[in-house]
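Each chain is listed here by its residues.
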Amino acid sequence: MNRLLPVACLALAACGPMSLAEAERQCFERARLAQQPRGEVTVGLGSGGQKSAGVELNVSSDYLMGRDPSAVYDSCVMQKAGEPPSRPLYARPDWKG
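Below, the structure is looked at part by part. (Residues numbered from 1 in each chain as written. Predicted model: local features only at pLDDT ≥ 70, side-chain atom pairs only at ≥ 80, totals over all residues. Heavy atoms only, no water.)

Brief notes about the pairing of strand β1 (residues 38-45)
Of all eight residues in β1, zero are buried; the element is thus mostly exposed. Bridging between β1 and strand β2 (residues 51-58) involves eight bridges; their strand directions are antiparallel. Considered in β2, the bridge of Arg38 is made with Asn58. (Buried < 20%, exposed > 50% of the residue type's maximum accessible area, 1.4 Å probe, protein only. Helix = DSSP H or I, 4+ residues; strand = E, 2+ residues; numbered from the N terminus. Pairing = 2+ DSSP bridges.)

Put into structure tokens, the structure is as follows:
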């Protein structure tokens with residue numbers, strides 16, 4: 001039983017809130033997807049004349065429901081870190097909204 005105690009402590013520590021910086025990083029991406037869908041198109045030509053193409057499109061439920069990206073960001077950070085963001089989404093220099 002005593003051997004399982006360190007494992008149990010590690011498992012419980014993993015369930016705790018993450019750092020504010022990590023929560024803001026993850027939630028920034030979620031807010032970007034709430035603003036508009038993101039995607040990419042790839043086209044290629046391989047040796048031997050083989051053609052390839054691909055499309056990737058990311059659409060979030062927040063976008064489909066018309067949620068404000070700032071509200072998505074605030075609630076996401078609060079949920080993940082247990083505290084509000086260090087600055088509002090629209091005040092971040094990397095936000096292009």
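Moving on from the model shown.
Considering the packing of aromatic side chains
A full pass over the atoms with the stated rule returns two aromatic pairs. For the pair Phe28 and Trp95, a centre-to-centre distance of 5.8 Å together with 85° between the ring planes defines the contact as edge-to-face. Here Trp95 lies in the segment after α4 (69-81) and Phe28 lies in helix α2 (residues 20-35), a separation of 67 residues in the sequence. Per residue, the accessibility class of Phe28 equals that of Trp95, and both read buried. Centroid distance Tyr90 to Trp95: 6.1 Å. Interplanar angle 50°. Geometry classified as tilted. (Phe/Tyr/Trp six-rings, centres within 6.5 Å; stacked < 30°, edge-to-face > 60°.)

What about α4?
With 13 residues, α4 ought to run about 18 Å at 1.5 Å a step, and its terminal C-alpha atoms sit 18 Å apart, in line with that. For α4, the full list of buried residues reads Pro69, Ser70, Val72, Tyr73, Cys76, Val77 and Ala81. When α4 is viewed along its axis, its buried side chains cluster within an angular range of 155° and face the same direction. Buried residues in α4 make contact with α2 and α3 (61-64). Looking one or two residues beyond α4, the residue adopting positive phi is Gly82, at roughly 80°. (Expected span 1.5 Å × (residues − 1). Arc of directions from axis to C-beta. Contact = heavy atoms within 4.5 Å.)

Some details on the environment of Gln26
For Gln26, the position within the fold is in helix α2. Assessed through its relative accessible area of 28%, Gln26 is described here as partly exposed. With 51 residues separating them in the primary sequence, Gln26 and Val77 have C-alpha atoms 8.3 Å apart. Those residues in contact with Gln26, other than ones at most four positions away along the chain, are Met18 and Lys80. At 2.9 Å, the side chain of Gln26 and the side chain of Glu22 are in polar contact. (Polar contact = N/O pair within 3.5 Å; in protein donor to acceptor, adjacent residues only side chain to side chain.)

Digging into the packing of α2 against α4
Contact geometry for α2 and α4: axes closest at 8 Å, N-to-C directions at 150°. As judged from the angle between their axes, α2 and α4 are roughly antiparallel. Along this stretch, α2 crosses α4, giving a crossing that reads as right-handed. In this structure, α2 contributes Leu20, Ala23, Glu24, Gln26, Cys27, Phe28, Arg30, Ala31, Ala34 and Gln35 to the contact, and α4 contributes Pro69, Val72, Tyr73, Cys76, Val77, Lys80 and Ala81. (Axes fitted to C-alpha atoms, helices over the stretch in contact; angles between N-to-C directions. Parallel < 35°, antiparallel > 145°, perpendicular 65-115°, else oblique. Left-handed = near helix turned anticlockwise from the far one by under 90°.)

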